[in-house]
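# Notes for the structure review
The primary structure of each chain is shown beneath.
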Amino acid sequence: MQENTFRVRFWGVRGSLPVSGEQFLRYGGNTPCIEVRCGSEVLIFDAGSGLREAGVALTLEGISAFDLFFTHSHYDHIIGLPYFKPIYNCSTAVRFWSGHLYGRMSTKRMIGEFMRPPWFPVDSDICQASMDTVDFRPGEELAPRKGVTIRTMSLNHPGGCVGYRVDWGGRAVALIYDTEHEAGILDPALLEFIAGADLMVYDCTYLESEMPTYRGYGHSTGMHGAKLAQAAGVRRLAMFHHDPSRTDLELAAMEQDVQAFFDGAFAARDRQIIEL
């Protein structure tokens, strides 16, 4: 890995629950998991079903230390953690971060609550890796590794959710999901948060025509993400958290519609790599 490499890899881009079948081959069916490389440092955002494949790849690569950040703890964002191979390796060090439940539940307790019987055959005590946890208040600035700065903010989602902006080496990626926008309004705080980012990963679960039906569900649209990106000077927009029923053909049509408004937009795919 080159020292100046800033890379984003999508291991899971689907929302709500994993899907499979011939209609989902192009964009993939794993739920949220994003790997961000800042030189030799490895950051992972969310532990959806894509985390299993990420763990296999990281193990083969010989990565033994990284940080994993939760946006929130709905099923689709945590289901992969018990199947994450590195946590069972005594030579691995993993640090877990969360802020969406700040003041209500610690990161350590959150992990212990869902990784235990009867939801899983064993509890987290079986893990052999060095596992540390960090709780933070949304809005805080984090410094997980030398030279890496991560800003955080609260997003509009039932139960709470955290958006992250990773700045490293003069470049930036903003992760804005799961979140719901107010119709016709570009949130000034969000515009400031994403301003000038090289890449924004944004919640595109619904189409504009579907929003009235799903108001209050905590999700947004690719078109609203494009408007935010354009207004904030974001270079590229990765549409993310695809609806589980959205087929490859439907996602391609959505991608084309949004690109007509903002040509830096694309629909993220499982295993896709973006170099910043």
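Anyway, here's the lowdown on the structure attached to this text. Quantities reported herein were computed from a predicted structural model and do not represent experimental measurements. (Residues numbered from 1 in each chain as written. Predicted model: local features only at pLDDT ≥ 70, side-chain atom pairs only at ≥ 80, totals over all residues. Heavy atoms only, no water.)

### Overview of the packing of aromatic side chains
One pass over the structure, following the stated rule, counts 13 aromatic pairs. On the numbers, 4.6 Å between centres and 55° between planes, the contact of Y177 with F240 is tilted. With Y177 in the loop between β10 (171-176) and α4 (188-194) and F240 in strand β12 (residues 236-240), this pair connects stretches of sequence that are 63 residues apart. The exposure class assigned to Y177 is buried, which follows from its relative accessible area of 0%. Of the aromatic side chains, those joined through ring pairs into one cluster are F45, F69, W97, F136 and Y164. (Phe/Tyr/Trp six-rings, centres within 6.5 Å; stacked < 30°, edge-to-face > 60°. Helix = DSSP H or I, 4+ residues; strand = E, 2+ residues; numbered from the N terminus. Buried < 20%, exposed > 50% of the residue type's maximum accessible area, 1.4 Å probe, protein only.)

### Some details on the sheet that holds strand β8 (residues 149-154)
One open sheet holds the 7 strands; their spatial order is β7-β8-β9-β10-β11-β12-β13, and the pairing between them is mixed. Two strands bound the open sheet, and with one partner strand each, they are β7 (141-142) and β13 (265-267). The sheet contact formed by β12 and β13 spans 3 bridges and is parallel. Bridge pairing in β13 links M239 to A267. This element, helix α5 (residues 222-232), spans β11 (199-203) and β12 of the sheet and lies at about 150° to β11. Along the sheet, helix α6 (residues 248-261) contacts β12 and β13; its crossing angle with β13, the most-contacted strand, is approximately 170°. (Pairing = 2+ DSSP bridges. Contact = heavy atoms within 4.5 Å. Axes fitted to C-alpha atoms, helices over the stretch in contact; angles between N-to-C directions.)

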